Amino acid sequence: MFNLDNAVDNEVDTNDLEEVVMGLIINSGQARSLAYAALKIAKAGDFEKAWELMGQSREALNEAHLVQTKLIEGDQGEGKTKVSLVLVHAQDHLMTSMLARELVTELIELHEKIK
């Protein structure tokens, strides 16, 4: 497996990068799925469970964000990391997951106020 700690000093092998990027996609997708599950549960009125799922969503998003940060640090603005379509796709997943979490948080808070 790709060692993120060495990414700062070494160029990233393409196969290793794809493995890391897939982890980024998986964690981002998990964060988004948990957020939408929390919204569904909040709509049913179980706010305690909804906030628990949002906490799990935050953990998954933190894992994805950590990978992104390490990739950025490893590149050091010098183009060390090969930009591929799958890397762009992973970034898209991360950003949409972050946005989804923000919006779902607001929606859950609104549902709480209404109830």
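The structure this text deals with has already been given above.
Throughout this document, residue positions are counted from 1 along each chain, in the order its sequence is written. Only residues with pLDDT of at least 70 are given local features in this predicted model, and only at 80 or more are side-chain atom pairs given and counted; all residues enter the totals for whole chains, interfaces and linings. As a convention, hydrogens and water are excluded, and side-chain values are obtained from all of the structure's heavy atoms.

### So, helix H2 (residues 47–75)
Over its 29 residues, H2 extends 41 Å from the first C-alpha to the last, a length consistent with the 42 Å expected when each residue adds 1.5 Å. Following H2 by one or two positions, Gln 76 has its phi on the positive side, about 55 degrees. The way it works is that DSSP assigns letters per residue, a run of H or I at least four long becomes a helix, a run of E at least two long becomes a strand, and they are numbered from the N terminus. How far a helix is expected to stretch is found by multiplying one less than its residue total by 1.5 Å.

### Thoughts on the pattern of salt bridges
A carboxyl oxygen of Asp or Glu within 4 Å of a side-chain nitrogen of Lys or Arg is what we treat as a salt bridge. Throughout the structure, instances matching the rule amount to one salt bridge. Between Glu 52 and Lys 49 there is a salt bridge, with its nearest N and O atoms 3.6 Å apart. Linking Glu 52 with Lys 49, this pair stays in helix H2, spanning three residues, or about one helical turn. Relative accessibility under 20% of the residue-type maximum defines a buried residue, over 50% an exposed one, and the middle range a partly exposed one, all with a 1.4 Å probe and only protein chains included. The class for Lys 49 is partly exposed, based on a relative accessible area of 30%.

### Description of a nonpolar patch on the surface
On the surface, Val 83, Leu 85 and Val 88 cluster together into a nonpolar patch covering about 340 Å² of accessible area. By the secondary structure assignment, Val 88 is in helix H3 (residues 85–114). With a relative accessible area of 47%, Val 88 lands in the partly exposed category. Like charges within 9 Å and nonpolar side chains (Val, Leu, Ile, Met, Phe, Trp, Tyr) within 5 Å are joined into patches, using only residues over 30% in relative accessible area that form no salt bridge. The protein chains shown are the only cover counted for residues, whose accessible areas, like all others here, come from Shrake-Rupley with a 1.4 Å probe.

### Description of the nonpolar core
Throughout this description, the term nonpolar core refers to a set of buried Ala, Val, Leu, Ile, Met, Phe, Trp, Tyr and Cys residues connected via side-chain atoms within 4.5 Å. Val 21, Leu 24, Val 67, Leu 71, Ala 90 and Leu 94 are the most contacted members of the largest nonpolar core, which totals 14 residues. Contributions of two or more residues to this core are made by helix H1 (14–43), H2 and H3. The element that contributes the greatest number of residues to this core is H1, accounting for six residues. Excluding its chain neighbours within four sequence positions, the residues that come into contact with Val 21 are Val 86, Leu 87 and Ala 90. Note on definitions: a residue-residue contact is assigned when non-hydrogen atoms from the two residues lie within 4.5 Å.

### So, the packing of H2 against H3
Axes, fitted as lines to C-alpha atoms, cover a helix only where it is in contact. Angles between the N-to-C directions of the axes lie from 0 to 180 degrees. Two elements in contact, H2 and H3, have axes separated by 11 Å at closest approach and are oriented at 155 degrees. As summarised for this structure, H2 and H3 are arranged roughly antiparallel, according to the angle between their axes. For the crossing formed where H2 meets H3, the hand is left-handed. Only Leu 87, Gln 91, Leu 94, Ser 97, Met 98, Arg 101, Val 104, Thr 105, Ile 108, Glu 109, His 111 and Glu 112 of H3 make contact with H2, whose side of the interface consists of Phe 47, Ala 50, Trp 51, Met 54, Ser 57, Arg 58, Leu 61, Ala 64, His 65, Gln 68 and Leu 71. Residues of the contact of H2 with H3, tallied by class, amount to twelve nonpolar, seven polar and four charged. An angle below 35 degrees is treated as roughly parallel, one above 145 as roughly antiparallel, one from 65 to 115 as roughly perpendicular, and anything else as oblique. Whether a crossing is left-handed or right-handed is set by the direction in which the near helix is turned from the far one by less than a right angle, anticlockwise for left-handed and clockwise for right-handed. In this count, Pro and Cys sit with the nonpolar residues alongside Ala, Val, Leu, Ile, Met, Phe, Trp and Tyr, while Asp, Glu, Lys and Arg are called charged and the others, Gly among them, polar.

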